[in-house]
Amino acid sequence: MKTFTEDIASKLIDGKKVSLSIQEDLKKQVEEIKANGGKIPHLCAILVGNDGGSETYVAAKIKACENIGYQSSMFRFPDTVTEDELIQKVDAINHDPDIDGLIVQLPLPKHIDVDKITNYIKPEKDVDGFHPVNLGKLLLGLPTYVSATPFGIMQLLQFYNIETAGKHCVVIGRSNIVGTPVSVLMSRNTNPGNATVTLCHSKTKNLKEIALQADIIIAAIGIPGFLKGDMVKEGAVIIDVGTTRVNAPETKSGWRLKGDVDFDAVALKASFITPVPGGVGPMTIAGLLANTMKSAKKEIYK
Ligand code: GUN
């Protein structure tokens, strides 16, 4: 008889391991490019204000670039920056032939129109995959930059050989950057994919009954501990996208990350489950770096 810890350990999807293996592959590609005298991929980040989470995420992205041999640059602005100032910077980066990928870290201050800034980024350099042209291509099944979180989820399902064809996948949350694109990817005629997808959101009735029918649940609603043990059927695959900072006096920082899944109760029933942290989170960096390589190699836009 397995102990609780042994049982959970055998079900864990290790995002850190998969992310590092993708990064290792990208590092090899950089070495090949260097050996052939080609252009080293260059990722540029714009960071506005002093949000702790954004600082950490951008620092991690820059560090990952260094680790695999990419060039990187970062431009910082105070949270009093105007839309015009940001647009000018985006415009300059759009025209800089050395920069392959640009991300504007979100969230932006309230006085900035996020859609306006996103629309200014040249689709060719939009390695976040947030531009309407890139999201439109995703919807049509054309080659595009898949945004980091949906990319990460699909890679994890693939790496762990999780059967998705004909399965019922319930996505909880309809955001533009996770729920909506991942529901499209899961329903496409690909592997992973070919699932029958139900997209649930804040107005969904009988969410528990729907979740109980799911073979795969992707929880991306941003409410810590939302998915309870009694909402999950035996053997379901659970992908937890939530990363809410909750108070944790026992930690040095005073907070810890909590997912959208009530982990201990759900893990007992699941056949596979992503932990938070260490599941989907680390995969997002791999997705961003993979898109930057695609941009440098002109794989999407010739
Ligand atoms: N803020 C949280 N996640 C992301 C992301 O993937 N890209 C950007 N630009 N900002 C974010």
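Residues numbered from 1 in each chain as written. Predicted model: local features only at pLDDT ≥ 70, side-chain atom pairs only at ≥ 80, totals over all residues. Heavy atoms only, no water.

Once that is clear, we can look at the site of the ligand. In the vicinity of the ligand, the contacting residues are Lys61, Val104, Gln105, Leu106, Asp128 and Phe130. In this structure, a nitrogen atom belonging to the ligand sits 2.9 Å away from a main-chain N or O atom of Val104. Here Gln105 contributes a side-chain N or O atom positioned 3.2 Å from a nitrogen atom of the ligand. When the ligand sits alone it has 280 Å² of accessible area, and the protein chains cover 77% of it. Residue classes in the shell around the ligand are distributed as 3 nonpolar, 1 polar and 2 charged. (Near = heavy atom within 4 Å. Polar contact = N/O pair within 3.5 Å; in protein donor to acceptor, adjacent residues only side chain to side chain. Areas by Shrake-Rupley, 256 points an atom, 1.4 Å probe, with all protein chains shown as cover. Nonpolar A, V, L, I, M, F, W, Y, C, P; charged D, E, K, R; others polar.)

A word on empty space enclosed by the protein. Enumeration according to the criterion identifies 1 cavity of 30 Å³ or more in this entry. Taken as a whole, the largest cavity encloses approximately 50 Å³ of empty space. The dominant element in the lining of the largest cavity, judged by the number of residues it contributes, is strand β3 (residues 101–104), at 3 residues. Taken together, the residues that form the lining of the largest cavity break down as 6 nonpolar, 1 polar and 2 charged. (1 Å grid on protein atoms, 1.4 Å probe; cavity = no way out; pocket = protein on both sides within 12 Å on 5 of 7 lines; lining within 4 Å. Points joined across faces, edges and corners; volume = space filled by probe spheres on them. Helix = DSSP H or I, 4+ residues; strand = E, 2+ residues; numbered from the N terminus.)

With that settled, the discussion passes to the confidence of the model for the protein. In the predicted model, the protein carries a mean pLDDT of 97, and 100% of its residues have values of at least 70. Mean pLDDT across the secondary structure elements of the protein bottoms out at helix α1 (residues 4–9), with 84, and peaks at strand β4 (residues 168–172), with 99. (pLDDT = per-residue confidence, 0-100.)

Strand order in this open sheet of 3 strands is β2-β1-β3, and the pairing throughout is parallel. Strands at the two margins of the open sheet, each flanked by one partner only, are β2 (71–77) and β3. Across the sheet, the mean angle separating the axes of adjacent strands is 15 degrees when strand polarity is ignored. Against the sheet, helix α4 (residues 83–94) contacts β1 (42–48), β2 and β3, and its axis sits at roughly 175 degrees relative to β1. (Pairing = 2+ DSSP bridges. Axes fitted to C-alpha atoms, helices over the stretch in contact; angles between N-to-C directions. Contact = heavy atoms within 4.5 Å.)

The next point concerns a negative patch on the surface. Side chains of Glu24, Asp25, Glu31 and Glu32 sit close together on the surface and give a patch of like negative charge. Of note, Glu32 is situated in helix α2 (residues 15–35). (Patch = residues over 30% accessible without salt bridge, like charges linked within 9 Å, V, L, I, M, F, W, Y side chains within 5 Å. Salt bridge = Lys/Arg side-chain N within 4 Å of Asp/Glu carboxyl O. Lys, Arg positive; Asp, Glu negative; His and termini not counted. Charge placed at Lys NZ, Arg CZ, Asp CG, Glu CD.)

Of the strand pairs in this sheet, β4 and strand β5 (residues 196–200) are connected by 5 bridges, and their pairing is parallel. Counterpart to Cys169 in the pairing with β5 is Val197. Since β4 and β5 lie parallel, the crossover through helix α8 (residues 179–187) that links them has a hand, and here it is right-handed. (Right-handed = clockwise from strand over helix to strand, strands pointing away.)

Turning our eyes to something else, we now look at the pairing of β4. Put simply, side chains in a regular strand alternate between the two faces of the sheet. Here β4 lies mainly inside the structure; 5 of its 5 residues are buried. Across the two faces of β4 the burial is the same, with His168, Val170 and Ile172 and Cys169 and Val171 all buried. Here β4 pairs with strand β6 (residues 216–219) via 4 bridges, running parallel. Note on β6: the bridge partner recorded for Val170 is Ile217. (Buried < 20%, exposed > 50% of the residue type's maximum accessible area, 1.4 Å probe, protein only.)

Time to look at helix α11 (residues 280–296). With 17 residues, α11 should reach 24 Å at 1.5 Å per residue; the first-to-last C-alpha distance of 25 Å fits that figure. The first or second residue beyond α11 is Lys298, which carries a positive phi of 55 degrees. (Expected span 1.5 Å × (residues − 1).)

The next point concerns the packing of aromatic side chains. Using the criterion set out here, one finds 3 aromatic pairs in the structure. With 6.2 Å between their ring centres and 40 degrees between their planes, Tyr145 and Tyr301 make a pair best called tilted. Residue Tyr145 is located in the loop between α6 (132–140) and α7 (148–159), and its partner Tyr301 is located in the segment after α11; the two are separated by 156 residues in the primary sequence. Each member of the pair Tyr145 and Tyr301 is classed as buried. Site record: aromatic cluster; members linked through ring pairs are Phe159, Tyr160 and Phe272. When the ring centre of Phe75 is taken as reference, the NZ or CZ atom of Lys89 above it lies at 3.8 Å. (Phe/Tyr/Trp six-rings, centres within 6.5 Å; stacked < 30°, edge-to-face > 60°. Lys NZ or Arg CZ within 6 Å of the ring centre and 35° of its normal.)

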